[in-house]
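In case you want the letters, here they are:
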Amino acid sequence: MAMYQITERILSDAREEARVIVEGAANTAAKLLADASARAEQVKAETEADVKAKRESILEKRAADVRLDSAKRLLAEKRKVIDDVYERALARLCALSKEESLLLADRLLTEYAEEGDEIVFADTFRYQNEVSLLPIVKAKNLRIAPETKHFSGGMRLNGIKADKDISYGALLHADREENQAALAVEIFK
């Protein structure tokens, strides 16, 4: 009997030790599982935040691209309008009446021509003979080129020191450089 009690005591202690080991393992497993779940939730939350931030970044970039493209198109359309204004101005200068053409030619020659310059007319300029009879031509001893050239209306001056482009296209180009911003403000206000 004593042997039976010893065996029973050993078995009882072993069962108790096994129960403690199993309980400890279950607690450790539960703790590991809870930690893993918490880490998984944390990684999930971080991943969702990353995805949300990247999505917002992509959407903002696309919105910025759309705004930039829209601004480029608007600017291109505004440039077309200003181009059209200057094209119409050139057409109106080329279609000036005889009196207006002679007044403009006299003013340009008075302001820009130097003694002995040669006047080269555009092949579309209609009043070459009349300009050659202006008093300023004789006063500055200006010469008339034997041939006309193809350019945007009006005339050019070939000089001893320098050539001057006082054609209608050059005058409008200079005006555009100087007044384009103010013109745009006036047109697109």
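Residues numbered from 1 in each chain as written. Predicted model: local features only at pLDDT ≥ 70, side-chain atom pairs only at ≥ 80, totals over all residues. Heavy atoms only, no water.

*Asks:* Just to check I follow, could you spell out the sheet that holds strand S1 (residues 118-121) for this structure?
*Replies:* Strand pairing in a sheet is mediated by backbone hydrogen bonds. Such pairs are either parallel or antiparallel. Read from one edge of the open sheet, four strands run S2-S1-S3-S4, paired in mixed fashion. Since the sheet does not close on itself, it has two edges, and those belong to strand S2 (143-144) and strand S4 (164-167), each with one partner. Relative to strand S3 (residues 154-158), S1 runs antiparallel, the two sharing four bridges. Counted as the bridge partner of Glu118 is Asn158 from S3. Strand contacts of helix H2 (residues 98-112): S1, S3 and S4, with the helix running at about 20 degrees to S3, the strand carrying the most contacts. Where helix H5 (residues 168-187) meets the sheet, its contacts fall on S3 and S4, and the angle it forms with S4 comes to roughly 95 degrees. (Pairing = 2+ DSSP bridges. Helix = DSSP H or I, 4+ residues; strand = E, 2+ residues; numbered from the N terminus. Contact = heavy atoms within 4.5 Å. Axes fitted to C-alpha atoms, helices over the stretch in contact; angles between N-to-C directions.)

*Asks:* Would you take a moment to explain the nonpolar core for this structure?
*Replies:* Considering soluble globular proteins, one finds that nonpolar side chains tend to be buried as a cluster. Grouped together as the largest cluster of nonpolar side chains are 24 residues, with contacts concentrated most on Leu109, Ile119, Val131, Val137 and Met155. When residues of this core are traced back to their parent elements, those giving at least two are helix H1 (2-94), H2, S1, helix H4 (135-139), S3 and H5. Excluding residues that lie within four positions of it along the chain, Ile119 makes contacts with Leu109, Val137, Leu142, Arg143, Ile144, Ala145, Met155, Arg156 and Leu157. (Core = buried A, V, L, I, M, F, W, Y, C linked by side-chain atoms within 4.5 Å. Buried < 20%, exposed > 50% of the residue type's maximum accessible area, 1.4 Å probe, protein only.)

*Asks:* Got a minute to help me understand a nonpolar patch on the surface in this structure?
*Replies:* Residues Val81, Val85, Ile187 and Phe188 make up a contiguous nonpolar surface patch of roughly 260 Å² in combined accessible area. Assignment of secondary structure puts Val81 in helix H1. Given a relative accessible area of 35%, Val81 falls into the partly exposed group. (Patch = residues over 30% accessible without salt bridge, like charges linked within 9 Å, V, L, I, M, F, W, Y side chains within 5 Å. Areas by Shrake-Rupley, 256 points an atom, 1.4 Å probe, with all protein chains shown as cover. Salt bridge = Lys/Arg side-chain N within 4 Å of Asp/Glu carboxyl O.)

*Asks:* Got a minute to help me understand the layout of surface pockets in this structure?
*Replies:* To locate leftover empty space, one rolls a probe as large as a water molecule over the atoms. Empty space within the largest pocket amounts to approximately 200 Å³. Around the largest pocket sit Leu93, Leu104, Arg107, Leu108, Glu111, Tyr112, Leu171 and Leu172, which together line it. Those elements giving two or more residues to the lining of the largest pocket turn out to be H2 and H5. Of the residues forming the lining of the largest pocket, the biggest block, five residues, is contributed by H2. Across the lining of the largest pocket, the residue classes tally to six nonpolar, no polar and two charged. (1 Å grid on protein atoms, 1.4 Å probe; cavity = no way out; pocket = protein on both sides within 12 Å on 5 of 7 lines; lining within 4 Å. Points joined across faces, edges and corners; volume = space filled by probe spheres on them. Nonpolar A, V, L, I, M, F, W, Y, C, P; charged D, E, K, R; others polar.)

*Asks:* Would you explain empty space enclosed by the protein in this entry?
*Replies:* Taken as a whole, this structure holds one cavity of 30 Å³ or more when the rule is applied. Reported here for the largest cavity is a volume of approximately 70 Å³. Taken together, Leu93, Cys94, Leu96, Ser101, Thr124, Phe125, Arg126, Tyr127, Gly153, Gly154 and Tyr168 make up the full set of residues lining the largest cavity. For the lining of the largest cavity, a count of residues per class yields six nonpolar, four polar and one charged.

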